[in-house]
Amino acid sequence: MSVSPGNGATQVAPELPVTVGAVNGALRSVSVRTASGNTPVEGVLSADRTQWRSKRAMSPGETYKITAVAVGPGGTKEVTSEFSTLKATKVFAVHKILPNKDITGLTVGIGMPIMLTFDQPITDRVSVERNLMVQASKPVEGAWHWFDDKSVSFRPKQWWPAHTKVKLIAHLAGVRGGPGMYGGQDYVREFEIGRAQISHADTTSHQMTIRRDGNVVRSVPLSAGQGGSWKYYTTNGVHLAMSREDVTTMTSPDAGPGQPGYYSQTVYDTVRISDTGEYVHGAPWSVGSQGNSNVSHGCINISPSNAKWFKETTLIGDPIIVSGSPRQLDPGNGWGHWQEPWQQWLRWSGLRSGFTTEALTAHHEPSTGIPASESKKKVTS
């Protein structure tokens, strides 16, 4: 039999696979465990039972014992081997996963991306990305996209199908994130896509049309950004609902108290759609302009009754598509993930390709990972 890593090997890179091969025979059993025997390593046996290969990375700084039994013309043969893996000089973890029970809720809109934020810069993006698995009850084509060395997001090529159950499995324990740096643990997050609601806000007709599962459920008069200055245009493009707030205090981003252009306004029933202070919100002072002219500093003003209805019927991740403005939403502004065409989105994937999500079966791993408090739990294989 051939066994790799070889007996007595040290400083083995945790990402290297364990392989066992039978020559002139077939493998009856293969066991790979930590030296303490507490943690087994899963593997895949070839159809002809001549090759076994581990399915995932080892843990850094650990000793493993291999026990393999093969049967051939000469009878039964057992081989044992031990090796130890390289110790990590640094460990990386996931700092935040969205969707999140407290931040977004676990039933989200059809545009909701999966967003991971790491606590350390990731330089080996390919190694990390290939260990991020997405399962869905209605499989879709999708891909990961790195916005920077700590932030990676997944979105489908098209909207998520309504009422899809989704599961993220991040097999990161022992995965290389950079020189000497390895993941410390795994994470799992499960969530569900709700009904399909898409809102279209036209800044030239001054109307927002809300469609749910293809049917118009309400048309709302609006007043958008007044323009004049570039910062006072509502950004054009595909926004996502990022939060729902009962009360929001809005202040001028570039002027303080006593300076020209300063304002501080308390508004009610708001849905945030960007990082640059854009909301859909109730504006009783502009009701007379709603439906006929744009007078806001960039937000979408609607009546108090419409704002309350919109906030209460919107899911985080619902698309809110703005048209008619000369100012485009930047893909990095809030959750502007859908602003990039699919081929552009793929350019920032470590693997440079999309994939079809795995089918989500009735078998469920423990729903662990980062809970609302952002603490962590270990998922054992």
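Residues numbered from 1 in each chain as written. Predicted model: local features only at pLDDT ≥ 70, side-chain atom pairs only at ≥ 80, totals over all residues. Heavy atoms only, no water.

Engineer: Describe the pairing of strand β13 (residues 132-136), with residues and values.
Structural biologist: Burial within β13 is extensive, with 4 of its 5 residues counted as buried. Examined bridge by bridge, β13 and strand β16 (residues 165-170) share 5 bridges and lie antiparallel to one another. Bridged to alanine 136 within β16 is valine 166. Of the strand pairs in this sheet, β13 and strand β30 (residues 358-359) are connected by 2 bridges, and their pairing is parallel. (Buried < 20%, exposed > 50% of the residue type's maximum accessible area, 1.4 Å probe, protein only. Helix = DSSP H or I, 4+ residues; strand = E, 2+ residues; numbered from the N terminus. Pairing = 2+ DSSP bridges.)

Engineer: Give a description of the nonpolar core that names residues and reports values.
Structural biologist: One finds Ile114, Leu116, Phe118, Val128, Trp144, Trp160 and Leu172 to be the most contacted residues of the largest nonpolar core, which totals 43 residues. Mapped onto this core, the elements with two or more residues apiece are β10 (94-98), β12 (114-118), β13, β14 (141-148), β15 (151-156), β16, β19 (187-193) and β23 (237-240). Broken down by element, the residue count for this core peaks at 4 residues, all from β12. Setting aside residues up to four positions removed in sequence, leucine 116 forms contacts with Val94, Lys96, Ile97, Leu132, Trp144, Lys150, Ser151, Val152 and Leu168. With 17 residues, the next largest nonpolar core counts Ile273, Ile302, Ala307 and Phe310 among its residues. (Core = buried A, V, L, I, M, F, W, Y, C linked by side-chain atoms within 4.5 Å. Contact = heavy atoms within 4.5 Å.)

Engineer: Describe the environment of alanine 196, with residues and values.
Structural biologist: Within the secondary structure, alanine 196 sits in the loop between β19 and β20 (197-202). Note on alanine 196: relative accessible area 19%, which makes it buried. Taking the C-alpha atoms as reference, alanine 196 lies 32 Å from glutamine 265; in sequence the two are 69 residues apart. Excluding anything up to four places from it in sequence, alanine 196 contacts Ile110, Ala162, Arg211, Arg212 and Asp213.

Engineer: Describe in detail the pattern of salt bridges, supporting the description with residues and values.
Structural biologist: Oppositely charged side chains may form a pair once their charged atoms are brought near each other. Taken as a whole and assessed by the stated rule, the structure comprises 9 salt bridges. We note a salt bridge from arginine 195 to aspartate 318, for which the minimum N-O separation is 2.8 Å. With a gap of 123 residues between them, arginine 195 in the loop between β19 and β20 and aspartate 318 in the loop between α2 (304-313) and β28 (319-323) connect regions that are remote in the sequence. Per residue, the accessibility class of arginine 195 equals that of aspartate 318, and both read buried. Ionic pairing is found between aspartate 275 and arginine 272, a salt bridge with its closest N-O pair at 2.5 Å. On the basis of relative accessible area, arginine 272 is assigned to the partly exposed category, the value being 23%. (Salt bridge = Lys/Arg side-chain N within 4 Å of Asp/Glu carboxyl O.)

Engineer: So what's going on with unusual backbone geometry? Which residues, and what values?
Structural biologist: The peptide bond linking serine 4 to proline 5 adopts the cis configuration, its omega dihedral lying at 5°. Inspection of the secondary structure assignment puts proline 5 in the loop between β1 (2-4) and β2 (9-12). Here the amide bond leading from leucine 98 into proline 99 is cis, since omega sits at 5°, within 30 degrees of zero. By the element assignment, proline 99 lies in the loop between β10 and β11 (107-108). Positive phi, close to 55°, is recorded for glutamine 11, a residue that is not glycine. Examined against the element boundaries, glutamine 11 turns out to sit in strand β2. Taking relative accessible area as the criterion, glutamine 11 reaches 55% and is therefore assigned exposed. Phi angles above zero are rare outside glycine, and asparagine 24 is one such case at about 55°. Its place among the elements puts asparagine 24 in the loop between β3 (19-21) and β4 (26-34).

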